[in-house]
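Coordinates in review
So the chains spell out like this:
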Amino acid sequence: MDAAPSEPSLDVSFDTPVVVIAFNRPHHATRLVDLLRTVRPSHLLVVLDGPRPGVQGDAAACAATARAFDAIDWPCKVETDVSPRNLGCGNRVRSGLDWAFARVERAIILEDDIDPHPSFFAWAKAALDAFANDERIAAVNGHNPLVRWEAGSPTGGFLGRRDSVYGWATWAHVWRAFRDAERNVSDAVHGDAFETLDPATKGLMTWFASQARRYGSTLSWDVAWSYWIVATRRSVIVSTVNLIHNLGIGPDATHQASGHDLLHTLPRYPAIPTFERAAHAREEVAAHVDRARTLLELLVRVENPGVARRLARASGLPLASEMQLHLQPFVHADETRRWLRHLGRHGVPVAVVDTWLEIVTGARRHRA
């Protein structure tokens, strides 16, 4: 759902490079090209993963995805990096952004299933300009998990500790610093900076890492990226209003093949591209928004709400740390309900909010 107010005007030719990362979903690539046609970026860098061996139809789907970018019909320098073999999400994003940032000094980054509000592009450009020389800032992103969070100041962005890679942008020197340090990330996050995280947020990031180790892989690139931001005491500029939909849930998704994720298609609003006072809310935002996002992310992952509610009400049970983590939205039920009601005040349909409130409390709400 998008709000009605008018959008900021865009340049006739948008001069900030845009990186698109795609794989085997030509319908998403086609939709994204149609959106980019309204923005008219003058430089597009397309990162394509290769087909998976032995997966029927993958080669044809990857080829069709690549052909979608042949429809670019505005003045635009298009560079393409195609992997001859399948590298998977983590390695393809890493290698693709290495390739892109060897060519440009800054970029807006979109995976093919990201559907940004048209004003996102002007907002991201303004944020990249405003914070280009601020070493505290690692990235800017348009996904606001609370839909709106102004922290007492109607600016275009605030400072958070966790990044979202749903519609984001960064600078080449920051990406290179991350890649240079990535092999040490697992050790670095256990330093004092990591200890300053809210316990639930720290626990969620640790769980992400444990999942990677369980399946014999390295940290997923976005988890390693967020770890590095915390470990190096950097922050992320988050849009005051949500600018992003993620259309990636479905049977053709890599990680979100099923289920309902409350946070993927939150309402969007036109961007507010001003940043003068963003730094004033640093600690308050880190304490509130990052924690709210963590509780909501844990909530949408719950598999058996009834069991979770009963365990959360019991005390003194010798539960594994992973289980304790996933019970947090129910242990802190009042706080979780407060954030759900916040979403309801900012455009999430009442029926959706009521459904999640029922999941938290176990009590059906009476509707008029």
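Details of the structure are given in the entry above.
Residues numbered from 1 in each chain as written. Predicted model: local features only at pLDDT ≥ 70, side-chain atom pairs only at ≥ 80, totals over all residues. Heavy atoms only, no water.

Section: the environment of W123
Rule in force here: Here a helix means four or more residues in a row that DSSP labels H or I, a strand means two or more in a row labelled E, and each is numbered from the N terminus. For each residue, the accessible area found with a 1.4 Å probe, counting protein chains only, is set against the maximum for its type, and the residue is called buried under 20%, exposed over 50%, and partly exposed in between. Should any heavy atoms of two residues lie within 4.5 Å, those residues are considered in contact.
Along the chain, the position of W123 falls in helix 4 (residues 120-130). Judged by relative accessible area, W123 falls into the buried class, the value being 0%. Through-space distance from the C-alpha of W123 to that of G157 is 9.4 Å; in sequence the pair is 34 residues apart. Excluding anything up to four places from it in sequence, W123 contacts V140, N141, G142, G156, I237, V238, S239, L243, A271, I272, P273 and F275.

Concerning the pairing of strand 2 (residues 43-48)
Definition in use: Strands are labelled as partners when DSSP assigns at least two bridges between them. Crossover handedness is defined here as right-handed if the route from the first strand over the helix to the second strand goes clockwise, with the strands pointing away from the viewer.
In terms of burial, strand 2 is largely enclosed, as 6 of its 6 residues are buried. Burial of the side chains of strand 2 extends over both faces: H43, L45 and V47 are buried on one face and L44, V46 and L48 on the other. Relative to strand 2, strand 1 (residues 18-22) runs parallel, the two sharing 5 bridges. Bridging from a neighbouring strand, I21 pairs with V47 of strand 2. After leaving strand 1, the chain enters helix 1 (residues 26-39) and then returns to the sheet as strand 2, a path that is right-handed. Judged from the 6 bridges that link them, strand 2 and strand 3 (residues 77-82) form a sheet pairing that is parallel. Looking at strand 3, one finds that L45 is bridged to E79. Running through helix 2 (residues 58-68), the crossover from strand 2 to the neighbouring parallel element strand 3 is right-handed.

Comments concerning the sheet that holds strand 4 (residues 106-111)
Note the following rule: Think of each axis as a best-fit line through the C-alpha atoms, taken over the contacting stretch in the case of a helix, with angles from 0 to 180 degrees between the N-to-C directions.
Spatially, 3-2-1-4-8-6-9-7 is the arrangement adopted by the 8 strands of the open sheet, whose pairing is mixed. Only two strands of the sheet have a single partner each, and these edge strands are strand 3 and strand 7 (157-160). The average undirected angle you get between the axes of adjacent strands in this sheet is 25 degrees. In this fold helix 4 packs onto strand 1, strand 4, strand 6 (137-141), strand 8 (168-171) and strand 9 (235-239), with an angle of close to 145 degrees to the strand it touches most, strand 4.

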